[in-house]
Structures are given as C-alpha cells and as structure tokens.
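Below are the chains, spelled out letter by letter.
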Amino acid sequence: AGKQITIPEMYAIYLKTRKNKRRSEDSVEFEIELEKLLTKLIENINKRIYDPNGNYTFIATEPTRNGCREVFAAELGTRIQHHYIDYYMRDLMEQELTPFTFNNRKGKGVLKAVETVKEIIYKESNGYTENCWIIKWDLKAFFMCILHDIIDKKIQKLIDDKYHGPEKDILKWMIHECIFAVPQNHCYKKSPDWKWDTIEPHKSLFNQPDGQGAA
C-alpha cells in the first residue's frame, strides 16, 4: 500500500550515502554488486521486510574529555535507509528544533555554537561591562537513556500531524524499524573484547535493558 520506492529514486540516495565513504570496505563491497544489492534493498523496503544486519561497533580511543567511547556504525545498505529518512525528514525536523541546537545541522556546528555563545555573553554582559553567569552542564549517558517507545511515538505523531508527502507510510515504517533495530544484537566488533573494559558499563549499549539506548 502507498508509495513504492523506485530504482532511480534510491540510486540518487545511494550516491549521497557513499559520498566521502567510497573507499570504505563495506562501500566497495556494495558497489561491486550494486545493481543486485540496491534492487534487493528496494524490494525489502517496498514489501516492509527489514533486514537490520550490517552494523559494526568499535571503541574509539582518541583522547576525549571522557576517555574512550563506544561507537556503532551501519554498513552501506543500512546507511542508505538512514539517508532516505534524512532526505525526506530533515526539513520537517529542522522546524522542530530550537535555534540553539547546533549538532548535526547544516549551517551550524561547533564554530557557529561558539560564535553564538560569544554573542549571548556580549549581550547579557552589556558589552562586557557587567557580570553574567554561565552554567556548564551535561546529561549523563544521554543516548543510553533514550527510551525507544517514547521517541517512536513522538516521531510517528510528528509525521502524522505535519508530513504530507507520498512517502509518509514508508517513512513511518522505516523509522519505527530503525528505532527498534537493536544494533547490539546483530553487529560485529572491530575492537577486541578487552577494550570494552576501558569504558564505564553504563556507556555501552550492550549493558542496556530492552527498549532503551540509542547508538
């Protein structure tokens, strides 16, 4: 029922997905059998058959404020689905975000955040002539505390209320499947097991209860 994804449409999404990732191992493997794999992906989506395989995880050891961290990544086939969602949902999601959300947004980023903070400090201090206060805080293990059912209900309601394109049913189904995919149950590790001992248990998806935690 509803719209069916076509090969030209999904091929355009594929080109966006592989941008800057063309030399990655999973991207090369996908491109070798591009016609077969892309056609199969389209068929599965149109039939509402979700294949969550194609995820890997590793421990990022680059020095950060909080030490090492767990990273989950999707291989190209799954990532194409993520880009499909992004392509059709980004404008709507942008309308829902405050002007002070800077991560993962076009025209935003770290530099824009710093510049905005400077502007606010200047305004609140009356041109640096008065004291003003800055509160620095963080939500502990924010992604690990996300509840799947709550975020799914919020996004499904947003689509029902405000999305009017022909992709509506596909997006609702695809987003639901992605939220409840549980990547830790179908992934392979690119880091040795002992590296998971270097992060706090509450910061790993492998230690979260059913229905909780996002990659």
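No experiment lies behind these values; they were computed from the predicted model shown. (Residues numbered from 1 in each chain as written. Predicted model: local features only at pLDDT ≥ 70, side-chain atom pairs only at ≥ 80, totals over all residues. Heavy atoms only, no water.)

J.: Would you mind showing me how to read helix α6 (residues 148-162) here?
T.: Helical geometry note: an α-helix holds 3.6 residues per turn, so side chains three or four residues apart project in the same direction. Across its 15 residues, α6 extends 21 Å between first and last C-alpha, which sits within 8% of the 21 Å expected from 1.5 Å per residue. Along α6, the positions that sit buried rather than exposed are H148, D152, I155, Q156, L158 and I159. Seen end-on, α6 carries its buried residues on one side only, within an arc spanning 155°. For α6, the exposed residues lying more than 90 degrees away from the buried face are K153, K154 and K157. (Helix = DSSP H or I, 4+ residues; strand = E, 2+ residues; numbered from the N terminus. Expected span 1.5 Å × (residues − 1). Buried < 20%, exposed > 50% of the residue type's maximum accessible area, 1.4 Å probe, protein only. Arc of directions from axis to C-beta.)

J.: Where do I start with the environment of Y11 in this structure?
T.: For Y11, the position within the fold is in helix α1 (residues 7-18). A relative accessible area of 35% means that Y11 is categorised as partly exposed. Y11 sits 23 residues away from L34 along the chain, and the two C-alpha atoms are 9.5 Å apart. Apart from the residues lying within four places of it in its own chain, the contact partners of Y11 are L34 and L38. (Contact = heavy atoms within 4.5 Å.)

J.: How do you make sense of a nonpolar patch on the surface when you look at a structure like this?
T.: Together, I135, W137, L139, F142 and F143 give the surface a local cluster of nonpolar side chains, amounting to about 630 Å² of exposed area. Among the structural elements, L139 can be located in the loop between α5 (110-124) and α6. Take L139: its relative accessible area is 43%, and that puts it in the partly exposed class. (Patch = residues over 30% accessible without salt bridge, like charges linked within 9 Å, V, L, I, M, F, W, Y side chains within 5 Å. Areas by Shrake-Rupley, 256 points an atom, 1.4 Å probe, with all protein chains shown as cover. Salt bridge = Lys/Arg side-chain N within 4 Å of Asp/Glu carboxyl O.)

J.: Help me out: how do you make sense of the side chain of R105 in this one?
T.: Relative to the assigned elements, R105 resides in the loop between α4 (76-96) and α5. Its relative accessible area of 13% is what places R105 among the buried residues. Apart from residues lying up to four places away in sequence, R105 is in contact with R90, E94, L97, T98 and P99.

J.: Even after reading the chapter, I still don't get the sheet that holds strand β3 (residues 187-189), so can you show me in this structure?
T.: Backbone-to-backbone hydrogen bonds join strands into a sheet, with any given pair of strands oriented parallel or antiparallel. Strand order in the open sheet formed by 3 strands is β2-β1-β3, and the pairing between neighbours is mixed. Each having just a single partner strand, β2 (69-74) and β3 make up the two edges of the open sheet. Adjacent strand axes in the sheet meet at a mean angle of 30° when their direction is disregarded. For strand β1 (residues 55-60) and β2, the ladder comprises 6 bridges, and the chain directions are antiparallel. Looking at β2, one finds that Y56 is bridged to A73. (Pairing = 2+ DSSP bridges. Axes fitted to C-alpha atoms, helices over the stretch in contact; angles between N-to-C directions.)

J.: What should I look at first to understand the pairing of β1 in this one?
T.: Two faces belong to every sheet, and in a regular strand the side chains alternate between them. By the criterion of burial, β1 is predominantly enclosed, with 5 of the 6 residues buried. Relative to β3, β1 is paired through 3 bridges, and the arrangement is parallel. Considered in β3, the bridge of Y56 is made with Y188.

J.: It is not clear to me how the side chain of Q156 should be interpreted in this structure. Could you clarify?
T.: Of note, Q156 is situated in helix α6. A relative accessible area of 12% places Q156 in the buried class.

J.: What should I look at first to understand the pattern of salt bridges in this one?
T.: Pairing of side chains with opposite charge becomes possible as their charged atoms draw close. Using the criterion set out here, one finds 13 salt bridges in the structure. A salt bridge links E31 to R18; the nearest nitrogen and oxygen atoms lie 3.4 Å apart. In this pair, E31 is assigned in helix α2 (residues 25-32) and R18 in helix α1, connecting sequence segments 13 residues apart. On the accessibility criterion, E31 (27% relative accessible area) is partly exposed. A single salt-bridge network, built from bridges that share partners, covers K3, E9 and E167.

J.: Sorry if this is basic, but what is going on with the confidence of the model for the protein here?
T.: Note that predicted coordinates carrying low pLDDT should not be read in detail. For the protein, the mean per-residue pLDDT works out to 91, and 98% of the residues sit at or above 70. α2 is the least confidently modelled element of the protein, averaging 89 in pLDDT, while α6 averages 97, the highest of any element. (pLDDT = per-residue confidence, 0-100.)

J.: Sorry if this is basic, but what is going on with the nonpolar core here?
T.: When a protein is soluble and globular, its nonpolar side chains tend to lie buried together. M10, L38, I80 and Y84 are the most contacted members of the largest nonpolar core, which totals 29 residues. Mapped by element, the contributors of at least two residues to this core are α1, α3 (34-46), α4, α6 and α7 (168-179). Here this core gets 7 residues from one element, more than from any other, and that element is α4. Not counting chain neighbours up to four residues away, the residues in contact with I80 comprise M10, I13, Y14, T17, F30, L38 and L41. (Core = buried A, V, L, I, M, F, W, Y, C linked by side-chain atoms within 4.5 Å.)

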